[in-house]
Amino acid sequence: MAVPQLTWTRLTPKPDPQYGCPIPRSSHGLSIVQNGTRLLVLGGENVARTPISVDNSYWAADLIEGEWRWRLLSSKDAPPERIAQAQATCDDKYVYIFGGRAGITMDEQAMSDLWMLDCSGKPGDETWIEVKPVGGRAPEARSFHRMICIDQSLYVFGGCSAGHGRLADLHRFDLETKVWYDLGAAKLRGRGGANLVPLASQTKIGAIAGFAGEEANDGQVFDVADKAWHESMLVEQLKDMRPRSVCVAASFPSLGTVIFGGEVDPSDRGHEGAGGFENDLVVLDESTGSYKTTVKAGDGWPQTRGWSDGAAYTAQDGVGQLFIFGGLSGNDAQPERLDDLWLLTVKRA
């Protein structure tokens, strides 16, 4: 079984001359734009279930002359502060966020708004725009859901809602017509913190693992062209993967799909504590979503964590890059929110 060559590198961006560096956080979003030269860290919590204030919530890291540099984004016209939003990049220059919440419980101050951060200009020229749908029904307000962009559509899956608890529904937003479409629910139990990954060169979507009252290791595949869920679920194909949620996942065509870390043992204190976390790397078949192997953490790997986020980019030479920032580590007695930035390089074996 050929496993991609995996290399972790710790990145230490130069602080913003006036504002320093992003504070430690979890339940945030991370995106990458501009040919792998600009990272966006948006939202999150430094104190459990308390959104970071807008004036310190939104950050960029710019790659300038081979050096990463932190930069606090302007809060002008920015969305309300939040945790646990879904986040996705389109066209390498637009970052979208959907939903999240500002309250402590899943039924408190949940959101269903859609925003775009326009990163098409030079560093410092980013602008926020609220995207108003003109048709269809937006997904109900939710948090700890997932979103990816394929072609000119956003796909939103699952999460935790005020009205219906944990969800397993899939919705599509057409970026050109600004219309929402309900694509139906998977057979999976409703869940938060799932992995939503493009498969088979973005012709399919995999909803994999997550927290469904317990850590899960099942999944289901959605066919983009057929606009339908596959009848059979990924159960036997994923049975050897350790159940987990709130991971970081990415797909690289011809290289594989990877899932980093996540929560493998939930805390009895919920979000106030820290459960059991991993820092291993699960490798899946990029065509089918089936489990291939788990690579255990070695020297020089990031510490265990969940409630983190990542951003994937494929360089011109075909090398895959997965950036991760922050997250929650530690234990119930001493939960630890992180502010470290890492790069995983994925190469053909």
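Before reading further, recall that the structure is shown in the block above.
Everything quoted here is computed from the prediction, not taken from an experiment.

> Please give an account of the overall build of the chain that cites residues and values.
Tallying secondary structure elements over the chain gives one helix and 27 strands in all. Over its C-alpha trace the chain gives a radius of gyration of 18 Å, about what one expects of a compact globule, namely 20 Å for 349 residues. The C-alpha extent of the chain, read off along each of the three principal axes, is 55 × 50 × 45 Å. Out of the 349 residues belonging to the chain, those deemed buried represent 59%. For the chain, long-range pairs separated by at least 24 residues make up 55% of all intrachain contacts whose partners lie at least 6 apart in sequence. Looking at the chain as shown, the accessible area adds up to about 14,000 Å², and 46% of this sits on carbon and sulfur atoms. Counting 34 positive and 46 negative side-chain charges, the chain places the centres of these two groups 1 Å from one another.

> Account for the state of the cysteines, naming residues and giving values.
The final tally for this structure, using the stated rule, is one disulfide. A disulfide-free cysteine, cysteine 119 has its sulfur positioned 12 Å from the sulfur of cysteine 90, the nearest such atom. With a relative accessible area of 0%, cysteine 119 lands in the buried category. Between cysteine 247, a free cysteine, and cysteine 160, which holds the nearest cysteine sulfur, the sulfur-to-sulfur gap is 14 Å.

> Which residues make up the environment of leucine 343, and what values go with them?
Relative to the elements of secondary structure, leucine 343 occurs in strand β27 (residues 335-347). Between the C-alpha atom of leucine 343 and that of lysine 76, which follows or precedes it by 267 residues, the distance is 30 Å. Sequence-distant contacts of leucine 343, defined by excluding residues within four places in its chain, comprise Thr7, Trp8, Thr9, Leu11, Gln321, Leu322 and Phe323.

> Before we move on, can you summarise the side chain of aspartate 113 with the specific residues and values?
Looking at the secondary structure, you find aspartate 113 in strand β10 (residues 110-118). Aspartate 113 sits in the buried class, given a relative accessible area of 15%. A distance of 2.9 Å separates the side chain of aspartate 113 from the side chain of tryptophan 115, its partner in a polar contact. Ignoring anything within four residues of it in the chain, the contact list for aspartate 113 reads Pro80, Arg82, Ile97, Phe98, Gly99 and Glu130.

> Lay out the sheet that holds strand β19 (residues 215-223) with the relevant residues and their values.
On the basis of which strands lie adjacent, the open sheet formed by four strands has the order β17-β18-β19-β20 and antiparallel pairing. Each edge of the open sheet is held by one strand with a lone partner, namely β17 (195-199) and β20 (228-229). For β17 and strand β18 (residues 204-211), the ladder comprises five bridges, and the chain directions are antiparallel. Looking across to β18, one finds that valine 197 is bridged to glycine 206.

> Describe the sheet that holds strand β25 (residues 309-314), listing the residues and the values that go with them.
Strand order in the open sheet formed by four strands is β1-β27-β26-β25, and the pairing between neighbours is antiparallel. With partners counted over all chains shown, the strands left at the sheet margins are β1 (5-11) and β25, one partner each. Here the average twist between neighbouring strands, direction ignored, is 25°. Both β25 and strand β26 (residues 320-330) contribute to a ladder of six bridges, which runs antiparallel. Bridge pairing in β26 places alanine 311 opposite phenylalanine 323.

> How would you sum up the layout of surface pockets? Please name residues and give values.
Taken as a whole, the largest pocket encloses approximately 1,100 Å³ of empty space. Ala88, Thr89, Ile148, Ala311 and Ala312 are, among the 49 residues lining the largest pocket, the residues nearest its centre. Secondary structure elements with two or more residues in the lining of the largest pocket: β2 (29-33), β8 (86-90), β13 (146-150), β17, β21 (248-252) and β25. In terms of residues, the lining of the largest pocket owes the most to one element, β25, which gives six residues. When its residues are assigned to classes, the lining of the largest pocket shows 27 nonpolar, 16 polar and six charged.

> Give a detailed account of the packing of aromatic side chains, specifying residues and quantitative values.
Within the structure shown, the criterion is met by twelve aromatic pairs. With a centroid separation of 5.6 Å and 70° between ring planes, the pair formed by tryptophan 70 and phenylalanine 325 is classed as edge-to-face. Within this pair, whereas tryptophan 70 is found in strand β7 (residues 67-72), its partner phenylalanine 325 is found in strand β26, the two being separated by 255 residues in sequence. The two residues tryptophan 70 and phenylalanine 325 agree in class, both being buried. Taken together, Trp8, Phe260, Trp301 and Trp342 form an aromatic cluster joined through their ring pairs.

> Residues and numbers for the nonpolar core, please.
Grouped together as the largest cluster of nonpolar side chains are 17 residues, with contacts concentrated most on Leu30, Leu39, Trp70 and Phe323. Of all the secondary structure elements, the ones that give two or more residues to this core are β2, β3 (38-42), β6 (59-64), β7, β25, β26 and β27.

Rules behind the numbers
Residues numbered from 1 in each chain as written. Predicted model: local features only at pLDDT ≥ 70, side-chain atom pairs only at ≥ 80, totals over all residues. Heavy atoms only, no water. Helix = DSSP H or I, 4+ residues; strand = E, 2+ residues; numbered from the N terminus. Rg over C-alpha atoms; globule rule 2.2 N^0.38 Å. Buried < 20%, exposed > 50% of the residue type's maximum accessible area, 1.4 Å probe, protein only. Contact = heavy atoms within 4.5 Å. Areas by Shrake-Rupley, 256 points an atom, 1.4 Å probe, with all protein chains shown as cover. Lys, Arg positive; Asp, Glu negative; His and termini not counted. Charge placed at Lys NZ, Arg CZ, Asp CG, Glu CD. Disulfide = S-S within 2.5 Å. Polar contact = N/O pair within 3.5 Å; in protein donor to acceptor, adjacent residues only side chain to side chain. Pairing = 2+ DSSP bridges. Axes fitted to C-alpha atoms, helices over the stretch in contact; angles between N-to-C directions. 1 Å grid on protein atoms, 1.4 Å probe; cavity = no way out; pocket = protein on both sides within 12 Å on 5 of 7 lines; lining within 4 Å. Points joined across faces, edges and corners; volume = space filled by probe spheres on them. Nonpolar A, V, L, I, M, F, W, Y, C, P; charged D, E, K, R; others polar. Phe/Tyr/Trp six-rings, centres within 6.5 Å; stacked < 30°, edge-to-face > 60°. Core = buried A, V, L, I, M, F, W, Y, C linked by side-chain atoms within 4.5 Å.

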